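Each chain, written out:
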Amino acid sequence: MKPIIEVKNISKEYRRGAQKEQYLSLRDQVFKSFNPSRKKETFMALEDISFEVYPGDSLAIIGKNGAGKSTLLKILSRITPPTKGEIILRGRLASLLEVGTGFHPELTGRENVFLNGSILGLGRAEINRQFDAIVDFSGVGPFLDTPLKHYSSGMQLRLAFAVAAHLEPEILVIDEVLAVGDSAFQQKCIEKMTEVSKSGRTILFVSHNMQAVRNLCETGILLENGIMSQKGKIDDIISSYHNDLIKSESVTRLDNIESRKGKGHLIFQKILIPNQINKPGEKIKLGLQLKTIVPGLYQNLDFGVAIKDFLNNTLIHVSNKYISYEIDHQNDSDIYWFEIENDLKSGNYSLTLFIRASDEIEDWISDKIFIEIGEGNSYGYSNTDEIQGMIQPGFNFYLNYHGK
Amino acid sequence: MEQRITPPSKFSLGFAELWQYRELFYFFTWRDIKVKYKQTFLGFAWAVLQPFIMMVIFSIFFGKALNVPSDGIPYPLFAFSGLMLWNVFSSGLSGAGNSMVSNANIIKKIYFPRLIIPMSAILVAVFDFFMAFIVYIGLVLYYDYSLSIKLLYLLPISLILTIIASFGPGSLIAAMNVKYRDFRYLLPFIIQVGLFVTPVIYPISMLGDKPWLTKLLAVNPMYAPISLIRNALVDKPLDLNMIGISVVSGLLFLVIGIYYFRKTEGYFADLA
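Residues numbered from 1 in each chain as written. Chains lettered and ligands numbered in written order. Predicted model: local features only at pLDDT ≥ 70, side-chain atom pairs only at ≥ 80, totals over all residues. Heavy atoms only, no water.

- Looking up chain B in an unreviewed UniProt entry gives the name Transport permease protein, with the organism given as Cryomorpha ignava.
- Check the Sequence similarities (unreviewed entry) section of the UniProt entry for chain B; it says "Belongs to the ABC-2 integral membrane protein family." (UniProt positions renumbered as here; feature names shortened; annotations may be inferred.)

- As recorded in an unreviewed UniProt entry, chain A goes by the name ATP-binding cassette domain-containing protein, listed as coming from Cryomorpha ignava.
- Recorded under Sequence similarities (unreviewed entry), the UniProt text for chain A is reproduced unchanged: "Belongs to the ABC transporter superfamily."

## Things to note about the overall build of chain A
Next up, step 1: Counting its regular elements, chain A contains eight helices and 18 strands.
Next up, step 2: Relative to its full complement of 404 residues, chain A shows a buried share of 47%.
Next up, step 3: Contacts in chain A between residues at least 24 apart in sequence constitute 70% of all its contacts with a sequence separation of at least 6.
Next up, step 4: With an accessible surface of roughly 20300 Å², chain A has 50% of that area assigned to carbon and sulfur atoms. (Helix = DSSP H or I, 4+ residues; strand = E, 2+ residues; numbered from the N terminus. Buried < 20%, exposed > 50% of the residue type's maximum accessible area, 1.4 Å probe, protein only. Contact = heavy atoms within 4.5 Å. Areas by Shrake-Rupley, 256 points an atom, 1.4 Å probe, with all protein chains shown as cover.)

## A word on the UniProt feature "transmembrane region" (unreviewed entry) in chain B
Residue and element names in this part refer to chain B.
Next up, step 1: On the UniProt side, "transmembrane region" (unreviewed entry) is annotated at positions that read residues 41–63, 75–94, 115–139, 151–173, 185–204 and 240–261 here.
Next up, step 2: Annotated as 65% helix and 0% strand, the span residues 185–204 places its first and last C-alpha atoms 29 Å apart.
Next up, step 3: Annotated as residues 240–261, this span is 100% helix and 0% strand, and its ends, taken at the C-alpha atoms, are 31 Å apart.

## A closer look at the interface of chain B and chain A
Next up, step 1: Facing the 39 residues of chain B at the interface are 44 residues of chain A.
Next up, step 2: Summed over both partners, the interface of chain B with chain A comes to about 4000 Å²; 58% of that surface belongs to carbon and sulfur atoms.
Next up, step 3: Counting across the chain B and chain A interface gives five salt bridges.
Next up, step 4: As a salt-bridge pair, B:R4 and A:E86 come within 2.5 Å of each other at their nearest N and O atoms.
Next up, step 5: Our count for the contact surface shared by chain B and chain A stands at nine residue pairs in polar contact (both at pLDDT 80 or more).
Next up, step 6: Of all the secondary structure elements, the ones that give two or more residues to the side of chain B that touches chain A are β1 (3–5), α2 (22–37), α5 (104–107), α8 (182–197) and α12 (268–271) of chain B.
Next up, step 7: With nine residues, the single largest contributor to the side of chain B that touches chain A is α2(B).
Next up, step 8: Here the residues of the side of chain B that touches chain A sort into 19 nonpolar, five polar and 15 charged.
Next up, step 9: Here strand β4 (residues 84–89) of chain A pairs with β1(B) via three bridges, running antiparallel. Along β1(B), the bridge assignment pairs A:I87 with B:I5. (Buried area = accessible area lost by both parts, 1.4 Å probe. Salt bridge = Lys/Arg side-chain N within 4 Å of Asp/Glu carboxyl O. Polar contact = N/O pair within 3.5 Å; in protein donor to acceptor, adjacent residues only side chain to side chain. Nonpolar A, V, L, I, M, F, W, Y, C, P; charged D, E, K, R; others polar. Pairing = 2+ DSSP bridges.)

## Points about the environment of B:A125
All names here are of chain B.
Next up, step 1: Mapped onto the elements, A125 comes out in helix α6 (residues 116–142).
Next up, step 2: Once the C-alpha coordinates of A125 and N87 are considered, the two residues, 38 residues apart in sequence, prove to be 7.4 Å apart.
Next up, step 3: Not counting chain neighbours up to four residues away, the residues in contact with A125 comprise V88, S91 and G92.

## A short note on helix α3 (residues 109–119) of chain A
Residue and element names in this part refer to chain A.
Next up, step 1: Most of α3 is tucked away: 10 of the 11 residues are buried.
Next up, step 2: Taken together, the buried positions of α3 are occupied by G109, E111, N112, V113, F114, L115, N116, G117, S118 and I119.
Next up, step 3: At the exit of α3 stands G121, carrying a positive phi of roughly 105°.

## Thoughts on the packing of aromatic side chains
Next up, step 1: This structure, assessed with the given rule, holds 18 aromatic pairs over all chains.
Next up, step 2: Look at A:Y379 and A:F395: their rings are 5.2 Å apart centre to centre, the planes differ by 75°, and that puts the pair in the edge-to-face class. Here the residue A:Y379 occupies a position in the segment after β18 (360–373), and A:F395 occupies one in the segment after β18, the gap between them amounting to 16 residues.
Next up, step 3: Taking the relative accessible area as the measure of exposure, A:Y379 reaches 35% and is therefore partly exposed.
Next up, step 4: Grouping aromatic residues by their ring pairs yields a cluster made of B:F129, B:F130, B:F133 and B:Y136.
Next up, step 5: When the ring centre of A:Y14 is taken as reference, the NZ or CZ atom of A:K12 above it lies at 5.1 Å.
Next up, step 6: Cation over ring: B:R230 sits above B:F78, and NZ or CZ is 3.5 Å from the ring centre. (Phe/Tyr/Trp six-rings, centres within 6.5 Å; stacked < 30°, edge-to-face > 60°. Lys NZ or Arg CZ within 6 Å of the ring centre and 35° of its normal.)

## Brief notes about the sheet that holds strand β11 (residues 266–273) of chain A
Residues and elements named next belong to chain A.
Next up, step 1: Ordered by their spatial adjacency, four strands build an open sheet running β10-β11-β13-β16, and the pairing between neighbours is antiparallel. Each end of this open sheet is capped by a strand with a single partner; those strands are β10 (250–253) and β16 (335–340). Between one strand axis and the next, the sheet turns by 25° as a mean value, whatever way the strands run.
Next up, step 2: By the bridge criterion, six bridges tie strand β13 (residues 284–292) to β16 in an arrangement that is antiparallel. Bridged to I284 within β16 is I340. (Axes fitted to C-alpha atoms, helices over the stretch in contact; angles between N-to-C directions.)

## Re the UniProt feature "domain: ABC transmembrane type-2" (unreviewed entry) in chain B
Next up, step 1: Here the UniProt feature "domain: ABC transmembrane type-2" (unreviewed entry) sits at residues 42–264 of chain B.
Next up, step 2: Overall, residues 42–264 of chain B shows 76% helix and 0% strand. The separation of its end C-alpha atoms is 40 Å.

## Some words on the pairing of strand β6 (residues 171–175) of chain A
Next up, step 1: Summarising burial for β6(A): five of the five residues are buried, a large majority.
Next up, step 2: Burial along β6(A) is two-sided: the residues A:I171, A:V173 and A:D175 and A:L172 and A:I174 are all buried.

## Quick word on the sheet that holds strand β15 (residues 314–319) of chain A
Residue and element names in this part refer to chain A.
Next up, step 1: Pairing is mixed in the open sheet, where five strands are placed in the order β12-β18-β17-β14-β15. With one partner strand each, in any of the chains shown, β12 (277–278) and β15 form the two edges of the open sheet.
Next up, step 2: One ladder, built from 11 bridges, connects strand β17 (residues 347–357) with β18; its direction is antiparallel. Looking across to β18, one finds that N348 is bridged to E372.

## Focus: the environment of B:K179
Next up, step 1: Locating B:K179 in the fold gives a position in helix α7 (residues 149–179).
Next up, step 2: Each C-alpha atom, one on B:K179 and one on B:F268, is 8.0 Å from the other, the two residues being 89 residues apart in sequence.

## Observations regarding empty space enclosed by the protein
Residue and element names in this part refer to chain A.
Next up, step 1: Applying the stated criterion across every chain yields a total of one cavity of 30 Å³ or more.
Next up, step 2: Here the largest cavity defines a volume of roughly 50 Å³.
Next up, step 3: Lining the largest cavity, in full, are L96, F161, A164, A165, E168, P169, L172, K192, M193, V196 and R201.
Next up, step 4: At the level of elements, α5 (153–165) and α6 (183–198) are the ones that each hand at least two residues to the lining of the largest cavity.
Next up, step 5: Looking at the lining of the largest cavity residue by residue, the class counts come to eight nonpolar, no polar and three charged. (1 Å grid on protein atoms, 1.4 Å probe; cavity = no way out; pocket = protein on both sides within 12 Å on 5 of 7 lines; lining within 4 Å. Points joined across faces, edges and corners; volume = space filled by probe spheres on them.)

## Quick look at the side chain of B:R31
Next up, step 1: By the secondary structure assignment, B:R31 is in helix α2.
Next up, step 2: In this structure the side chain of B:R31 is engaged in a polar contact, spanning 3.1 Å, whose partner is the side chain of B:D32.
Next up, step 3: If we ignore the near neighbours within four places in the chain, the residues touching B:R31 are A:H104, A:L107, A:L115, B:N103 and B:I106.

## Here's the deal with a nonpolar patch on the surface
Next up, step 1: Together, B:F52, B:I53, B:V56, B:I57, B:I60 and B:F61 give the surface a local cluster of nonpolar side chains, amounting to about 520 Å² of exposed area.
Next up, step 2: Mapped onto the secondary structure, B:I57 falls in helix α3 (residues 45–65). (Patch = residues over 30% accessible without salt bridge, like charges linked within 9 Å, V, L, I, M, F, W, Y side chains within 5 Å.)

Right, here's the structure in full:
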């Protein structure tokens, strides 16, 4: 049997800074040509990646932020071309990172189903055939003829996912979408996913959620700084990924994140997370480094850190303000540390970071940084699955005790 | 079905692929037309009103006040026949020129032949043309001209030439706009200048005593379609030399535009 995906020696080179200075102007170009001494700096986002996927396989692509996962998916879905190498696809590929692409707020739900469907590669006849199933799955039936701009964001997402779920491609690429939506809908999505994988279709799955990865995939590849360091059985891949995370103190750059809010005069530069995976009960440590964009006096800093679960519930929200720690910004090389008691259940959590100076929000980053609480529980109980609570605080138990 | 993904290599028009994705032309055009007239009170009437009001204004100032000649055609009819094609060009060019940037969110996420986007932008302008054409027929009848056989074949020819004239520069600017946002500001300027160097509101015969200038104006790809559609109303021979220059220039722009677009499209997603 021929593989459905053959990736042969794929490399992708980016020019450094090309991502950041998105707006080139003619003036820049003219100045550059007068200054030929400036060399083009490049870096390899992917280097010599080769693997094969056979029909019906589910392959997980795992790696830290910036390891090249998204670049690989972009090349596979032909959004950006590789610099070297070749990929052969023997089937239609659709990716769920496209959820809601092309949705137009002025058009009605019905119109958007057709538009989105056709952009994702469905023919008009095919959409007509699937239309009722899509509407049924989304649960937005009564609002079909309302412009999308009046939908809640949850409804928009459900409609978008419903279209994507009915694409029926031979190869399905899923990128972290499980992290959105309400829980009932999420359950629906997971069912759909499992149904897709059982129906013999090929799945490529990119996620930081190791539980979901393990449930959905049998094999995986591990990317490290653009290089494929391992491929094989999913359990082996996950454990080397974990070892890799544990041994390296993770420093993630924050100053190149695009979607952020705030004034932006003083922004987050880096976040240091000594333990990429915290044991349950082990304190969560986070180091934050700032970067002064507009020189000035930044006084009365207020660092906020929120830890959210995958349903977007804020479980923890801490700030130096709450414990009356007053501090002014001195130096960009300073690192501000949080040490947070951890009663969280094992799983993945996303961080929201914000910084205020003199009561003005300077920077705000959400859903870009993830932390993981490792498997097990702080009680030392053998059957972790039995413990239901999201929060697992320390507690005592007494006989005939009267609250004294 | 087997697809190969390789680094961009030799140039191809990708026609087979465009055909494969033909339904997307329909959907993008349909979306843009819908969105354009959504939440407007007058709706599609705007497609008619725009050139009509411009015609009235030009007729008052140029036709009546300044007595601009109009090759023996009543000035309002003369102006409208030029304006309805000019509008295809101007709104097609500006739609196409901005199309890659305004559809960046789609380009960054999904693959399809990119040429569909600027092409659909021009098809939207063609839709407006058909609305305006109804008014044109009305004007022709009002001024007691007959709908000749000549109009029947000159209309499609001049419309196709207009599409070519807008698509060449349109795709060129669309591609350059992705990289250099300067074109967003240049575009309205180019269109404004274009109106004056195209014989839309004045006849080229006005410049009869300066042959070098007329030749220069014929380099304008919009010269040919506008002269052709006006010729449908009069019994004059066409200056085929001038038409030829204009058509060749339009085709040249088309080749350059598509070539540059196809050559750079691979990197749109990284830059948009």
